[in-house]
Every structure is written in structure tokens, then in C-alpha cells.
Amino acid sequence: MMATLLLGGLPPETVPSPMMTLNTDGPVRQESHIGRATTEEMHLGERSLPPERARQIRKSVLLAQIEAQRSSAVTVASSLLRTRQTFVGENTCYYSSTGLHELIQINMSSLSTGRRHKGAYLLCRVVSRTAHLVGINFVVEDSEGDCCHVTVHHYPHTLDFSSVETDMVFPIGSILAIREPFCKTSTTGSFCTIRVDAPSDVVFLKPNVPFLEGISWRSEIITPAPPSNAGEWKNLGVSSFKQQRWLCAAVAFSKGLELEPMNSLLLLNRSETYLRLLWYNSALRDAEIVLGMKLKDPILQRKALVRATRAHYYSGRYTDVTRLAHEHPLISDLTAYATKAAQRMREQTLGSYDWQVIHEVEENPGSRVDIAPYKGPVEVKTPDGGRRLRGLFVTQDVKAGELLLVSKAIASCYYSEVAVSHSQDSFEIRDLADQVVQRSWDDSNVACVIATLYAGDYFHSASYPPPPAPHLPASPTQSSANIDTARIEAVCAKNSFGVEKTPMRIAGAVLHELPSFCNHACLPTADFYILGDVMIVRARIAMKAGDEVTLAYIDPLKTGRSAELTKRDWDFICGCELCQADRADPPAARRQRRELLVLPAPRHLVDAAVRAELLHATYHDTPERRRCRAKPGLVRVYETLARLHRDAIDAPCDIAHLVPSIAFLMKSLEAAGTVIIDQRIIEVVSNEDVGELDLELPIDLAAPPRFPNECAQNMILLANSLFIMLQKKRALSWVKAATLVAIPVTGNDGALFVEIYKSLFLNELLDAFTSISAGFMS
Ligand SMILES: [Zn+2]
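Residues numbered from 1 in each chain as written. Predicted model: local features only at pLDDT ≥ 70, side-chain atom pairs only at ≥ 80, totals over all residues. Heavy atoms only, no water.

Enquirer: I would appreciate a short explanation of the packing of helix α22 (residues 632-648) against helix α23 (residues 655-671) in the present structure.
Expert: Where α22 contacts α23, the axes come no closer than 8 Å and their chain directions differ by 165°. Comparing the axis directions of α22 and α23 gives the class roughly antiparallel. Seen along the crossing, α22 lies across α23 with a hand that is left-handed. Residues P632, L634, V635, Y638, E639, L641, A642, H645, R646 and A648 of α22 pack against H657, P660, S661, F664, L665, K667, S668 and A671 of α23. Among the residues forming the contact of α22 with α23, the class breakdown is 11 nonpolar, 4 polar and 3 charged. (Axes fitted to C-alpha atoms, helices over the stretch in contact; angles between N-to-C directions. Helix = DSSP H or I, 4+ residues; strand = E, 2+ residues; numbered from the N terminus. Parallel < 35°, antiparallel > 145°, perpendicular 65-115°, else oblique. Left-handed = near helix turned anticlockwise from the far one by under 90°. Contact = heavy atoms within 4.5 Å. Nonpolar A, V, L, I, M, F, W, Y, C, P; charged D, E, K, R; others polar.)

Enquirer: Where do I start with the coordination of the zinc ion in this structure?
Expert: Each angle at a metal carrying four tetrahedral donors should ideally be 109.5 degrees, and each at a metal carrying six octahedral donors should ideally be 90 or 180 degrees. Around the zinc ion, the protein contributes the donor atoms C522 (SG), C574 (SG), C576 (SG) and C579 (SG), which lie 2.2 to 2.3 Å from the metal centre. Because the angles between the 4 donor atoms bound to the zinc ion fall within 101 to 116°, the donor set is best described as tetrahedral. Mapped onto the sequence, the donors of the zinc ion take the spacing C-x51-C-x1-C-x2-C. Remark: C576 occurs in the loop between α17 (567-570) and α18 (577-584) and C522 occurs in the loop between β18 (519-520) and β19 (526-531); sequence separation between them is 54 residues. Looking at C576, the relative accessible area reads 9%, which means it is buried. (Donors = N, O, S within 2.8 Å, 3.2 Å for Na, K, Ca; no water. Tetrahedral: all angles 85-135°; square planar, octahedral: opposite > 155°, others 65-115°. Buried < 20%, exposed > 50% of the residue type's maximum accessible area, 1.4 Å probe, protein only.)

Enquirer: What am I meant to see in unusual backbone geometry here?
Expert: Of all residues except glycine, most have a negative phi; of all peptide bonds, most are trans. With an omega of -5°, the peptide bond between Y464 and P465 qualifies as cis. Among the structural elements, P465 can be located in the loop between α14 (444-452) and α15 (485-495). If you check the backbone angles, H157 has positive phi at about 65° while not being a glycine. You can see H157 is positioned in the loop between β6 (147-152) and α4 (163-169). Its identity as a non-glycine residue notwithstanding, L726 has a phi of 65°, on the positive side. Looking at the element boundaries, L726 is found in the loop between α24 (708-724) and α25 (728-741).

Enquirer: How should the packing of aromatic side chains be read in this particular structure?
Expert: What characterises a pair of aromatic rings is the spacing of the ring centres plus the angle enclosed by the ring planes. What the rule picks out here adds up to 21 aromatic pairs. Centre to centre, the rings of F241 and W246 are 4.9 Å apart; their planes meet at 65°, and the pair counts as edge-to-face. Seen from their ring centres, F761 and F769 are 6.1 Å apart, and the 15° between their planes marks the pair as stacked. Taking relative accessible area as the criterion, F761 reaches 6% and is therefore assigned buried. Aromatic ring contacts, followed pair by pair, group F138, Y155, F170, F204 and W441 into a single cluster. Geometry around F393 places K381 over its ring, the cationic atom sitting 5.3 Å from the centre. (Phe/Tyr/Trp six-rings, centres within 6.5 Å; stacked < 30°, edge-to-face > 60°. Lys NZ or Arg CZ within 6 Å of the ring centre and 35° of its normal.)

Enquirer: When you look at the pairing of strand β9 (residues 192-196) in this model, what are you seeing that I'm missing?
Expert: Both faces of the sheet carry side chains from a regular strand, because those side chains alternate between them. Judged by how many residues are buried, β9 sits mostly within the fold: 5 of 5 residues are covered. The alternating pattern of β9 places C192, I194 and V196 and T193 and R195 on opposite faces, both of which are buried. As judged from the 4 bridges shared by β6 and β9, these two strands associate in the parallel manner. Opposite H149, over in β9, you have T193 as the bridge partner. Pairing of strand β8 (residues 182-185) with β9 involves 3 bridges; the strand directions are antiparallel. Its bridge partner being in β9, T185 is matched across the sheet by C192. (Pairing = 2+ DSSP bridges.)

Enquirer: Would you take a moment to explain the side chain of S721 for this structure?
Expert: With respect to the helices and strands, S721 occurs in helix α24. Residue classification places S721 among the buried residues on the basis of a relative accessible area of 2%. Setting aside its immediate chain neighbours within four residues, S721 contacts L658, S661 and I662.

Enquirer: Where do I start with the nonpolar core in this structure?
Expert: Formed by 109 residues in total, the largest nonpolar core has its most connected members in F138, F170, L404, V436, V537 and V549. The element contributing the most residues to this core is helix α6 (residues 246-259), with 7 residues. Aside from chain neighbours lying at most four places away, what touches F138 is I66, V126, S128, R129, T130, C148, H149, V150, V152, F170 and L176. In terms of nonpolar packing, the next biggest core, distinct from the first, is built from 78 residues, I371, L523, A581 and V659 among them. (Core = buried A, V, L, I, M, F, W, Y, C linked by side-chain atoms within 4.5 Å.)

Enquirer: Sorry if this is basic, but what is going on with the pairing of β8 here?
Expert: In this structure, strand β2 (residues 115-116) lies alongside β8, joined through 2 bridges in antiparallel fashion. Within the sheet, the bridge partner assigned to R115 lies in β8 and is C183.

Enquirer: Quick question: what am I supposed to make of the packing of helix α12 (residues 355-362) against helix α27 (residues 750-757) here?
Expert: Geometry of a packed helix pair, given as the angle between the helix axes and the separation of the axes. Between α12 and α27, the shortest axis-to-axis distance is 8 Å and the interhelical angle comes to 25°. What the angle tells us is that α12 and α27 run roughly parallel. For the pair α12 and α27, contact is made by W355, Q356, H359 and E360 and by A751, L752, E755 and I756, respectively. Of the residues that constitute the contact of α12 with α27, the class distribution is 4 nonpolar, 2 polar and 2 charged.

Enquirer: How should I be thinking about helix α28 (residues 763-772) in this particular structure?
Expert: The periodicity of an α-helix, 3.6 residues per turn, causes residues three or four positions apart to be oriented the same way. Regarding α28, the residues found buried are L765, L766, A768, F769 and I772. Down the axis of α28, the smallest arc covering the buried residues is 165°, so these residues share one side. Facing away from the buried side of α28, by more than 90 degrees, are the exposed residues N763, E764, D767 and S771. Lining the buried residues of α28 we find α24, α25 and α27. (Arc of directions from axis to C-beta.)

Below you can see the structure in the form of C-alpha cells.
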């Protein structure tokens, strides 16, 4: 499917970005801000007010509010439309990085609104059921008997949770320490709420910890008795597991393990549950504890080994998979993983992949291809002693089409896979941020990587690569790292790539590590393609060691313009050849071009011809334009003219429309920077057998087209028309040209070329092409 290949940033006209950044060192993406503006304004509004003492509200009133929220949560969930923005703002103090032991305990009576209580924690107990709206809401009470409303945002794996499920995570009676709490007036202004933006700020305390010595609670909580032994917790966990409520299952198994820490069944069950939650470090730890017990039962031993192996495999530790399989040669599951691990290691070290299979897998919605990441000859650096921007650079000479990166997403979010549906066209950073939080919860390395990525001028970026983080134990109620939600949201907003379903519809968004360091150029040195949560970066042109790897955040073909004209949206000035050429045109011409390009696409031949004429006149013959060769605004309009002629064809060999459709495809190719040598449209019919050697290239590859993917597609369409006109030989030479032009997309992989472009071909032409192509396709 071509649509999945034609990817890029969000078209700026759909969401003008409010998020201005200075020259950045990574992709700057727009983010959803429909709800953000109001949240942000609210934060700013509150900051301008002097802090005042938080108003105390009676417990019964707060409890009634939660029950009301709880019933409205049901209505909202059933309408399957939940607005979920929380943007915490461009502010660095929305999480706590201070350990509990360094903080002093405070009570509700010391809380003030509109400020963060630095250096303190609030000790409290949950006294209500939960209501899951944008965040998880509940009421807490301190030891003096004062109550307050709490909202916890971004709690991992709770995106599609019902209130019944969030009750399991925050059951009544839980003792919480909320680190450095932030108290604010509720949106309605009627009560105060403690807003927790970073879920790692909530620390669950067991009743018997020394920390709580001397604390006595003024009121008693009456709750239904929780399970009193490990067996009952296990049963509860298993029943949640069967309902695929992974987090609830993990919570239940953890509670059982609090009572019996070395219960092997609970550990194995929790390990399996962690695998489902993609918390591989936690899954491995539980499996390893069981392996350390040296159990006599071969079934349990085997389960522990397989779970440890899966945890290693899915976190990319392939040598550990091989080691375990080698140590236990009789366990066939391990051998199967070892075989796959060997394949992954080849991918990782050599960059050799079966691209055709990978594309086929990715055409199935919801599927994720199982491949290893690959880092080609690239490095992150700040060249010229810091005078230039940080970016990604090649460390050796590379050819056009050479594989530079196969990156696996830090987080990916596809709306078709998110249980809670959204207002269809909204692009929500929060969902991506939620995923980053989920991964950081189990893997502190993710938090370290996030700390290196550009997050705007409010945040300092650590140097890259980050030092490896210690693996700290996590649990469903305890994160392995302090989670800086504000930074995560800002990183997602500024570095994520939108994935398009169609040119105007967003299918989802992905966040990647190394691609985030690539700076923008409208005519970039590299191309990227997103397949699910894999991003492939190839060199578009040949590069010399030390050249910068740039990507086009927005494809100029989508807007018809260069980034020079979108500075309003992106706030950086691109210096690429296209921008230079666009800047060299007189301001009046640029203004007219801009006006023409935002008009709806013409639907009739006459309108399209007039549009083409007017647009053509806006491109002036300047040295800059001749150097750049591209007139992106004309590419689409000529394509439209060619398509309108093709649509008008009413007989198999209708010359009256076939000829102009070919002519306009050629004009479109030229507007995309192709130098066409063979301009003929009609020649004497030659339908004889042709071999590969007979094919002469109709274009000059010394000046390669500026937009490889687009040009390859148009060349195939052109070849189809020639083929219909019985010019088989010329049709095949255009297909050959397409294969060469598409090298930045295909890496010169013939099977991949066919896989990507087959839907555009006339069947007979594709057959004729595959029968002779062996000679010039690898
Ligand atoms: Zn540019």
C-alpha cells in the first residue's frame, strides 16, 4: 500500500502549531492543543495568583462528588469519545525527584493552592472509590481526618480502564505519600484538588513500615475485607488475567507476594503478566528469582526459563537468549527463540533484512513486525565545537539508498489500536506520552534517553548517548525512575512523527530515539519510512563522511511550498536549496503561489489547466531555481491534469487523452527535478520482444529527481500509458528508470520495489517487467 509509505509530519494547515521553538536539533512536530490551551491558561492564571490556603470541604461532599464523577465516567466511556488532554505545560517542576526520606511530612491543613510544596510529602489514605475520567480521581484523608480530592494523571496501563479497574490499583485504605504535592482549585472553582502529573510522585506505603511509626489515624476506614492469604490473591490475579486485565492481575499477584515473597507460582504468574504489559525487566526479575530457587518441578523450571528467555528476547538481549538455549538444549521453546535471536543478531550487525516480508506483515492492521534495530554509520554530534546545531552525521561515505537506521519506536500510538477512541482527526500527544511513561516505569534507560532529547528551551538536554541506567526494581505501584511528565510531553510534542493514513488523515504518531536528532531540510539527505513501530532511514543521495543526515519533517510536495514559508508554524529557517530558490522569487509571486496552493484541488480539466498556468508564472527563472530544479507547487497540479485525462479515457487506445496524460506526467516529473532525455510520446509501434540490454534510460540520472518516491510512482503511471499504446520497449525503459529513481526507498531491493509499487502497475506490464528485470535488479 502506497499510503503507508507516504509519510511525514502533519500538514501544517491542518493544525497550526502554537508551540514555537527556536532552531532545534530534532523534528519539531505539532501537537494537539485543543484542550491544552485551556489547561495551560489555567496553570498560568493560577501562577499569577498569590497562593491561598486550600479550602477544606466536608468528606461527605467530596465522596458524593466522586460517586457523581464515577457515573459520568461510565457515560463518557460508553459514548466512546473521551477527550484526554492534560498538557502539563512548559514548566519543569511538575514532578518530584526527591526521595521520601529527604522530605518532611505535611498534612492537608498546610496545603496552599497554586504552588508545589517543595521539600514535603503529604501522608494520606484513600477513603473513596475511584472515578476514571481524564485522570484517576479519588478522595484522601490525612491522619487528622481532613480530606481532599486527588487526580493522578498518566498512571501506566490505565488508558482504557473502567473505574472498577482503577479501584484495584487505588483500593480504599491504601496509604499514600504524595511527594511534593501540587494543589489547585478545581475547574469548577468549588473545591481544591491535588493534581499529580507524574505517577511516580505517588508512593504506596505498607501499613507496617517503620516510616509510619507513631502515626495514628483519627478516623477508622470500613472496607470490605481484602483477601487475607496468598492463595486468594492468586485466584483474584488469575481471574483478572483471564479477563486480560493485566495491570489488575499484576497488582493482585504483587499483593499475594507481599504475604509470601518466595511463592514460585505467584512469581511465575506475575512474570507472565509483566510480559503482557511489556515490562520485560520486571518479568525477567521474577523469572530469575524462581530460577534461583532451583525447583525440582521440571514444569515450573521450564516455565521460568521460557519466561526469562522471552524477557531477554523482547528487550533485545539476544546473546542472553542464545546463552540460555545453549545451557538448556533439551527445551525446544528456547531453541526456537535462539533461532530467531540469531536472525535478529544478523539484522543488528549487518543491516540485512527481508524487506518484502516486513512490508507484507505491516499491511495487516495491528501487526508489529519482529525485527532488530540497526545503527548504520551515523553518530550524534554537535559540530564545529558547538557553533552548529546538534544533529545526526554519517561517519563514512555512503551511497544513495544505503541503510542508515532501522529504529524501533520508544513509543508508538495508532488510533485504530487505542481502545478509547478519539474525536477522529485529533492528534494527541498525551497517548504517546502515556506510552513513554509506561515504558519508563519498567525501564529506567528510557527515562535517560528522554533526558537527552530536545524538549524546548525550558529544559536542559543531557548529552548523548546517556550513561546506562541502573536497573531499579519496579512494581505495578512503584516506578523504576522518577517520571518527568512535563519533559516527556514536551519531548513527544517536539520529536514525534505523525503517521498518515491518507494525506489529510492521521493514523497515529511515533517517537524514535536517533531519528529525533535529525534536523530538517525540505530537500533532505535522507528519507524515512514508518512501518508500525519501525522507522527506516536511508540515504537519499550519496554522502561524504561528516555530512549531516537530514529529514523532511514536512514533505514540500504536500504543501507545494518549502519550509521557508512555514516559518510561522515551525519557527526555524531552513537553508536548503528549495528554500533558497523559493526565497529568490519576488514576494508578490510567492504570495500568489501561496494563495493558489491553498485552494481546493481543481476537478475539471479547464480549471486545472488555468491553475497550472497561474502557478507556473509564479516560478521565476533564477540561478537558485535552476540549481534546485524543483517546483513542488507544479508537481501536483500536473499530476492532477494527467489523472483527469486518464479518467477521461473511454476507449482502450484513446490517443486524445493518453497523449496529454503522458505529457503532463512528464511535466510533473520535470517539476520534481527530473531531467528527461527522451521526451517522445508517440513513436512507431514496436511491440517486439525486448531484453534488459535494449533498455535505454529516458532520464539523466546524473541529476537525480528531487522527490524519489513520487517520481518513481509517476514513472510507473507513465509506463502504463505507453504500454497501452503498444510501446512495450519504452514502457519498460521507464520502469527501469523508476527502479533506479526509487533506490532511496528500496535500497535497490528488487522484491521490495515490486512489493511497494505493485498496486500502481498494469498487470501485463508488471509481468513483462519481472520477466526481464533479473539482470538489473538485485
Ligand atoms: Zn528548506
